[in-house]
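Chain residues, written in single-letter form:
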Amino acid sequence: MIAKGAMLGPDQPVIIHMLDIEPAAEALNGVKMELIDAAFPLLKGIVATTDVVEACKDVDIAIMVGGIPRKEGMERKDVMAKNVSIYKAQASALEEHASPDCKVLVIANPANTNALILKEFAPSIPEKNITCLTRLDHNRALGQISEKLYVHVSDVKNVIIWGNHSSSQYPDVNHATVSTCNGQKSVRELVGDDKWLDTEFITTVQQRGSAIIKARKLSSALSAASSACDHIRDWVLGTPKGTWVSMGVYSDGSYGIPPGLIYSFPVTCEKGEWSIVQGLKINEFSRGKMDSTAKELIEEKSLAYSCLN
Ligand code: LMR
């Protein structure tokens, strides 16, 4: 997808650095051979390596997919200990060898907390440059609304994922709209079923990662990759006017969310910078859900720190 321009646009040449662990070196070389064989016009170079320093050298965008994946029956906390130590090591390599303005997207779980660990151990990378993926959940929410209303997914916008990329996340449709031939209409009004929106819709989006693992015996792949491209593309090239997206970013205290967490907010992006959408009305139902996912992130943060000691 990156080599085809899905991440940085159809005119942006790319050099792809790929890092894997030593036992996967041969498979990694196989991926390199495939990339060569695909003859992508935009692909100007490939570095396939098991050396973290070589992988991080001068990168402008780091997509952190490496981690121990969750398998069926495992809780996200089970993968915490292993993944935080991976993120600590990779943070140091990025800090020393990546481009000073490197943008980082953490995908591997627990994504928000891995991103926080990365931020702590790469203090010279600006905190605005360290993000985690909740665009997958955002896209899942758009998909569920589109299925419910029989409208095209590209006509639905401005859902919000608040909080953690976990089952405590809060998918919020209170500000979401659908483009219709009579203009923008509110999702709540069109769905006309608050009970569904406040229960089944929320749990379906929250549990979608687990549902995919149960069905595939593997975690999401295509949709995760595609939403990672969406995340970076909008961050670098900007969000369309009047549209926001969800990104896990370092909290500045907006909406009463404690600073010091990587929390998913609605953001707009312009000239390579994201900004949290301000001034949205938050009702009591939303407030409770936003606080409870923040509480889980506070607990994850202290668990992660205890794993590091
Ligand atoms: C997903 O949302 O598909 C992944 O994060 C899977 C997981 O481990 O929850």
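Anyway, here's the lowdown on the structure attached to this text. (Residues numbered from 1 in each chain as written. Predicted model: local features only at pLDDT ≥ 70, side-chain atom pairs only at ≥ 80, totals over all residues. Heavy atoms only, no water.)

### Details of the overall build of the chain
A count of helices and strands for the chain gives 11 helices and 13 strands. Over its C-alpha trace the chain gives a radius of gyration of 19 Å, about what one expects of a compact globule, namely 19 Å for 309 residues. Here the C-alpha coordinates of the chain stretch approximately 55 × 45 × 40 Å along the principal axes. Counting all 309 residues of the chain, 47% fall into the buried class. Partitioning the intrachain contacts of the chain with sequence separation of at least 6 by distance along the chain shows that 70% fall at a separation of at least 24. Carbon and sulfur atoms provide 54% of the accessible area of the chain, an area that totals close to 14,800 Å². Counting 32 positive and 37 negative side-chain charges, the chain places the averaged centre of each group 4 Å from the other. (Helix = DSSP H or I, 4+ residues; strand = E, 2+ residues; numbered from the N terminus. Rg over C-alpha atoms; globule rule 2.2 N^0.38 Å. Buried < 20%, exposed > 50% of the residue type's maximum accessible area, 1.4 Å probe, protein only. Contact = heavy atoms within 4.5 Å. Areas by Shrake-Rupley, 256 points an atom, 1.4 Å probe, with all protein chains shown as cover. Lys, Arg positive; Asp, Glu negative; His and termini not counted. Charge placed at Lys NZ, Arg CZ, Asp CG, Glu CD.)

### Regarding the pairing of strand 10 (residues 183-186)
In regular strands, side chains alternate between the two faces of the sheet. With four bridges connecting them, strand 9 (residues 177-180) and strand 10 associate as antiparallel partners. Within strand 10, the residue paired with S179 across the bridge is Q184. Between the antiparallel neighbours strand 9 and strand 10 lie two residues. (Pairing = 2+ DSSP bridges.)

### Notes on the nonpolar core
In terms of nonpolar packing, the biggest core is built from 57 residues, with I145, F201 and F265 touching the most fellow members. Not counting residues up to four positions away in its chain, the partners in contact with F201 are A141, Q144, I145, P171, V173 and W196. Residues V59, A93, V104 and I262 belong to the second largest nonpolar core, which totals 27 residues. (Core = buried A, V, L, I, M, F, W, Y, C linked by side-chain atoms within 4.5 Å.)

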